[in-house]
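Chain by chain, the residues:
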Amino acid sequence: MANVIKLHKGLDINLQGKAEEKLIQMKSNGRYALVPDDFEGVTPKVIVKEGEKVKAGDALFVNKQYPEIRFASPVSGTVRGVVRGERRKVLSIIVESDNEQLFIDFGKKDVTKMDGQQVIDALLEAGIFGYINQLPYAVSTNPAVKPKAIFVSALRDKPLAGNFEFEVKGQEQDFQSGLTALSKIAKTYLGCGVHSSFENYRDVEVNVFDGKCPAGNVGVQVNHIDPVNKGEVVWTIGDPTVVLFIGRLLNTGKVNLRRRVALCGSEVKNPCYVDMLVGEELSTLLSNSYDADHHVRVINGNVLTGRPTTKEGFLGAHTSEITVIPEGDDADEMLGWILPRLDHFSVNRSYFSWLLGKKRYALDARIKGGERHMIMSSEYDKVLPMDIYGEYLIKSIIAGDIDRQEALGIYEVSPEDFALAEFVDSSKLELQRIVREGLNILRKENA
């Protein structure tokens, strides 16, 4: 019997353009790229050269700090370039795929007979260990530090989020194998939503989270089950598709980084799902999917935590949605915010739209305000279902007071936990950026 945890704080933002549970077929243009920035905390060292042939599963780069952590190519083909930015920072490694795909065979494994170290070694060898993150610091984890527990969230509840239950259909055995493998390393917790089919999986402790967004955040789940204290480490998988990557590797002996992506947003003509490989170029997916004459923002991820991209961008390593919403830079509203209206969303009921119940909104990308002094109104606490003082933690990060940050629970949080707080913040502060910078400084200080 699963444990049920009721959350009373949060906010569900109902947006237009949710993907219908129908799958379309898409032919790739053959360009793929692995982007090191998708793996937080990793300093990449490229180990391939332009023109070199690689197979699916060959490493394209390693973590410079921990060279045993490799990052596998999603396809077989030819390395076409290493794109660098300022100070020679590696932005991406581009691979042009072959017509006939070749895979490195790492050998099938009987997960029931493996121990924890064998599982870790198998993931390191195949180049997918780097998809596992950790708390504290919310970065890609280090295999040398054993966790006290592993947390997997199979609940996607952010606005327009893809339905993982739809993705896992037909792959239940791979998901079970992945969970069993993780349970060999440390006690594993699986978080899911109400009326979920995930309550029947073995070898893990299942917890049902009954509440609004961000109940699906793995950090929120850790906070309610087994909080992280200073000196402790837990491994986290907030992207449940990673468990499928692990299960497929052990069951087939091959790296298969295919994932089901929701094409969604109010500007998308036909919101739907499509199967894509990590790093696949978005041009084919986005061609003719929205009106080209509209001012739109294409987001690699969801509207709260995703990154702006273009048709020439590549599918992120942890991306389960490609979202297209109005940019809003061409909006011309008479009387501005003071005009009464029924078609705009407001958290504090400034508009009469709250009388319409669960209406779906077509929000644009405008901030609708400017950065100003913090208003201590407890507005963060209303959407942050964690046992921390969010506003005081943000102030301590801005002030650079590390002792105060530790006392206020910075080891328990990740930037995505503050995504909703950033949305409702009347001071218009970039809370996710502030939290990330605070975590990076703390990680450097404690190294």
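Up top you'll find the structure we're talking about.
The rules behind each value
- Residues numbered from 1 in each chain as written.
- Predicted model: local features only at pLDDT ≥ 70, side-chain atom pairs only at ≥ 80, totals over all residues.
- Heavy atoms only, no water.
- Buried < 20%, exposed > 50% of the residue type's maximum accessible area, 1.4 Å probe, protein only.
- Helix = DSSP H or I, 4+ residues; strand = E, 2+ residues; numbered from the N terminus.
- Pairing = 2+ DSSP bridges.
- 1 Å grid on protein atoms, 1.4 Å probe; cavity = no way out; pocket = protein on both sides within 12 Å on 5 of 7 lines; lining within 4 Å.
- Points joined across faces, edges and corners; volume = space filled by probe spheres on them.
- Salt bridge = Lys/Arg side-chain N within 4 Å of Asp/Glu carboxyl O.
- Nonpolar A, V, L, I, M, F, W, Y, C, P; charged D, E, K, R; others polar.
- Polar contact = N/O pair within 3.5 Å; in protein donor to acceptor, adjacent residues only side chain to side chain.
- Contact = heavy atoms within 4.5 Å.
- Axes fitted to C-alpha atoms, helices over the stretch in contact; angles between N-to-C directions.
- Parallel < 35°, antiparallel > 145°, perpendicular 65-115°, else oblique.
- Expected span 1.5 Å × (residues − 1).
- Phe/Tyr/Trp six-rings, centres within 6.5 Å; stacked < 30°, edge-to-face > 60°.

Draft legend 1. Quick peek at the pairing of strand 17 (residues 272–277). The element strand 17 is largely enclosed, with a buried count of five among its six residues. Sheet topology places strand 2 (residues 23–24) next to strand 17; two bridges connect them, and they run parallel. Pairing of L23 across the sheet is with Y273, part of strand 17. Where strand 16 (residues 258–264) and strand 17 come together, six bridges link them in antiparallel fashion. Counterpart to R258 in the pairing with strand 17 is L277.

Draft legend 2. Highlighting the layout of surface pockets. Roughly 1200 Å³ of internal volume is contained in the second largest pocket. Taken together, 40 residues make up the lining of the second largest pocket; nearest its centre are D12, I13, N14, K212 and K358. The set of elements that each furnish at least two residues to the lining of the second largest pocket consists of helix 2 (164–168) and strand 14 (205–210).

Draft legend 3. Broad picture of the pattern of salt bridges. According to the stated counting rule, one finds 22 salt bridges in the structure shown. Between E96 and R80 there is a salt bridge whose closest N-O contact spans 3.3 Å. Pair noted here: E96 is in strand 9 (residues 90–97) and R80 is in strand 8 (residues 77–84), with a separation of 16 residues, a long-range link. Classification of R80 as partly exposed rests on a relative accessible area of 42%. For the salt bridge of D239 with R156, the shortest nitrogen-to-oxygen distance reads 3.6 Å. Of this pair, D239 sits in the loop between strand 15 (234–237) and helix 5 (241–252) while R156 sits in the loop between strand 12 (149–153) and helix 2, placing them 83 residues apart in sequence. Summarising the burial analysis for this pair, D239 and R156 share the class buried. Salt bridges sharing partners connect three or more residues here, namely R156, E167, D239 and R259.

Draft legend 4. Structural view of the sheet that holds strand 5 (residues 53–54). Reading across from one edge, 3-9-8-5 is the order of the four strands in this open sheet, with antiparallel pairing throughout. Since the sheet does not close on itself, it has two edges, and those belong to strand 3 (31–34) and strand 5, each with one partner. In the sheet, strand 3 pairs with strand 9 via four bridges, with the strands oriented antiparallel. Bridging from a neighbouring strand, A33 pairs with I94 of strand 9.

Draft legend 5. Broad picture of the pairing of strand 20 (residues 321–326). By the criterion of burial, strand 20 is predominantly enclosed, with six of the six residues buried. One ladder, built from five bridges, connects strand 18 (residues 296–300) with strand 20; its direction is antiparallel. Paired with N300 across the strands is I322, a residue of strand 20.

Draft legend 6. Region of the structure containing empty space enclosed by the protein. Within this structure, the stated rule accounts for one cavity of 30 Å³ or more. Of the volumes computed, that of the largest cavity is approximately 30 Å³. Lining the largest cavity are K158, C213, P214, N217, L304, E416, D417, A419 and L420. A class-by-class count of the residues in the lining of the largest cavity yields five nonpolar, one polar and three charged.

Draft legend 7. Structural detail: the side chain of E280. By secondary structure assignment, the location of E280 is in the loop between strand 17 and helix 6 (283–286). In this structure the side chain of E280 is engaged in a polar contact, spanning 3.0 Å, whose partner is the backbone nitrogen of L277. Residues contacting E280, with those up to four places away along its chain left out, are M26, S28, R31, Y32, G313, F314 and L315.

Draft legend 8. Molecular detail of the packing of helix 1 (residues 116–126) against helix 5. The interhelical angle for the contact between helix 1 and helix 5, taken along N-to-C directions, is 95°, at an axis separation of 11 Å. Judged on the interaxial angle alone, helix 5 and helix 1 are roughly perpendicular. Here helix 1 contributes A122, L123 and A126 to the contact with helix 5, which in turn contributes I246, L249 and L250.

Draft legend 9. Expanded view of the side chain of E281. Topologically, E281 is positioned in the loop between strand 17 and helix 6. Side chain to side chain, E281 and N29 meet in a polar contact 2.4 Å long. Among the polar contacts listed, one links the side chain of E281 to the side chain of S283, at a separation of 3.2 Å. Leave out the neighbours within four places in its chain, and E281 touches N29, R31, M276, K311, E312, G313 and F314.

Draft legend 10. Focus on helix 10 (residues 431–446). Taking 1.5 Å of rise per residue, the 16 residues of helix 10 would be expected to cover 22 Å, and the 22 Å separating its terminal C-alpha atoms lies within 8% of that figure. For helix 10, the complete set of buried residues consists of L431, Q432, I434, V435, R436, G438, L439 and L442.

Draft legend 11. Representation of the sheet that holds strand 12. As summarised here, the arrangement of the seven strands in space is 1-14-13-12-15-10-11, forming an open sheet in which the pairing is mixed. This sheet does not close on itself; its edge strands, each paired only once, are strand 1 (3–6) and strand 11 (139–140). Direction of pairing for strand 12 relative to strand 13 (residues 188–192): parallel, over a ladder of four bridges. Among the inter-strand pairings, V152 is bridged to a residue of strand 13, identified as L190.

Draft legend 12. Inspection of the packing of aromatic side chains at higher detail. Applying the stated rule across the entire model yields 17 aromatic pairs. Members of the aromatic cluster, each reached through a chain of ring pairs, are F39, F61, F71, Y131 and F245.

Draft legend 13. Representation of helix 5 in the model. Look at helix 5: 16 Å from first C-alpha to last across 12 residues, which is about the 16 Å you get at 1.5 Å a residue. Among all positions of helix 5, only T241, V242, V243, L244, F245, I246, G247, R248, L249 and L250 are buried. For helix 5, the elements touching its buried residues are helix 1, strand 12, helix 2, helix 3 (172–185), strand 15 and strand 16. Phi for G253, located one or two positions after helix 5, is positive at around 80°.

All we've got here are geometric facts, nothing functional implied.
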